[in-house]
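Observations on the model geometry
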Amino acid sequence: MKKNDNFFRIISPITVSVVGILDVAILCFAVFSVKKLISLASAYAIIFSLFELVAIVLAVFVTKDVLSQGIKFGEDELEFTHIDADNIFKYDEIISVETEKDKKASLIKNFRDRQSKLILNLTGDRVATIEIGLTTDKTLADAADLIKSKLPNKEQNEK
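Residues numbered from 1 in each chain as written. Predicted model: local features only at pLDDT ≥ 70, side-chain atom pairs only at ≥ 80, totals over all residues. Heavy atoms only, no water.

A few words on the overall build of the protein chain. A tally of regular secondary structure across the protein chain gives 4 helices and 7 strands. In sequence order, the secondary structure elements of the protein chain are arranged as β-α-α-β-β-β-β-β-β-α-α. Partitioning the intrachain contacts of the protein chain with sequence separation of at least 6 by distance along the chain shows that 53% fall at a separation of at least 24. For the protein chain, the computed accessible surface area is about 10,600 Å², with 62% contributed by carbon and sulfur atoms. (Helix = DSSP H or I, 4+ residues; strand = E, 2+ residues; numbered from the N terminus. Contact = heavy atoms within 4.5 Å. Areas by Shrake-Rupley, 256 points an atom, 1.4 Å probe, with all protein chains shown as cover.)

Okay, structure coming up:
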């Protein structure tokens, strides 16, 4: 997790672990591909190497995307970078910020039910629920506190 004045990085430990394992697997296949290409330059080895190049490029983009998820803070608005639509909120429209994370033990619930949520209560009785992934409690609390610190009505959020 990295914080500065303009960006708060939200990193899910589980997602980073899975992407890291996949990146290592792709690199291992790349080594195998190069060894196979050196020892036996056949059409199949060349095709496998081309697929491996595509996999490496995709792995770079996926890793970059996972590590770039977060909240971008502007002068008068904030943006959730991992959401495609309805991801920008003006500070003066946000009344309060709440958090939600299911911590109860259960063998029935899946990962989707365990995601951390930031709940933004907006003007006009609107509510925006932002799922930020499988994050730690500290990351969730830090994100909520940082958003609250940017709001013009700070005294309401000190509850």
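That shown, we press on.
Attention now goes to the pairing of strand β7 (residues 126-133). Relative to β7, strand β6 (residues 116-122) runs antiparallel, the two being bridged by 7 bridges. Each bridged residue has a counterpart across the sheet, and for Leu118 the counterpart in β7 is Ile130. Linkage of β6 to β7, two consecutive antiparallel strands, is achieved through a turn of 3 residues, within which Gly124 is found at a positive phi near 75 degrees. (Pairing = 2+ DSSP bridges.)

The residue Asp125 is not glycine, and still its phi comes out positive at about 55 degrees. Looking at where Asp125 falls in the secondary structure, it is placed in the loop between β6 and β7. Judged by its relative accessible area of 80%, Asp125 is exposed. (Buried < 20%, exposed > 50% of the residue type's maximum accessible area, 1.4 Å probe, protein only.)

What follows deals with the sheet that holds strand β3 (residues 77-80). With antiparallel pairing, 4 strands are arranged side by side in an open sheet as β1-β2-β3-β4. Both outer strands of the open sheet, β1 (7-9) and β4 (88-90), are each paired with one neighbouring strand and no more. Along the sheet, successive strands turn relative to each other by an average axial angle of 15 degrees, direction set aside. For strand β2 (residues 70-73) and β3, the ladder comprises 3 bridges, and the chain directions are antiparallel. Note that in β3 the partner of Lys72 across the bridge is Glu79. (Axes fitted to C-alpha atoms, helices over the stretch in contact; angles between N-to-C directions.)

For the rest of this paragraph, the subject is the pattern of salt bridges. Per the stated rule, a full pass over the model turns up 5 salt bridges. Among the salt bridges present, the one from Asp137 reaches Lys101, with a minimum N-O distance of 3.4 Å. Of the two residues, Asp137 sits in helix α3 (residues 137-150) while Lys101 sits in the loop between β5 (94-100) and β6, which places them 36 residues apart along the sequence. The exposure class assigned to Asp137 is partly exposed, which follows from its relative accessible area of 40%. Ionic pairing is found between Lys138 and Asp142, a salt bridge with its closest N-O pair at 2.8 Å. Taken together, the residues Lys138 and Asp142, both in helix α3 and 4 residues apart, mark about one turn of the helix. (Salt bridge = Lys/Arg side-chain N within 4 Å of Asp/Glu carboxyl O.)

So, on to the sheet that holds β6. The antiparallel open sheet is built from 3 strands, whose spatial order is β5-β6-β7. Each edge of the open sheet carries a strand with a single partner, namely β5 and β7. In this sheet, adjacent strand axes meet at a mean angle of 20 degrees when their direction is disregarded. Of the pairings in the sheet, the one linking β5 to β6 comprises 6 bridges and is antiparallel in character.

Within the secondary structure layout, Thr135 lies in the loop between β7 and α3. Classification of Thr135 by relative accessible area gives buried; the value is 3%. If sequence neighbours within four positions are ignored, Thr135 has contacts with Ile10, Ile11, Pro13, Lys101, Ser116 and Leu140.

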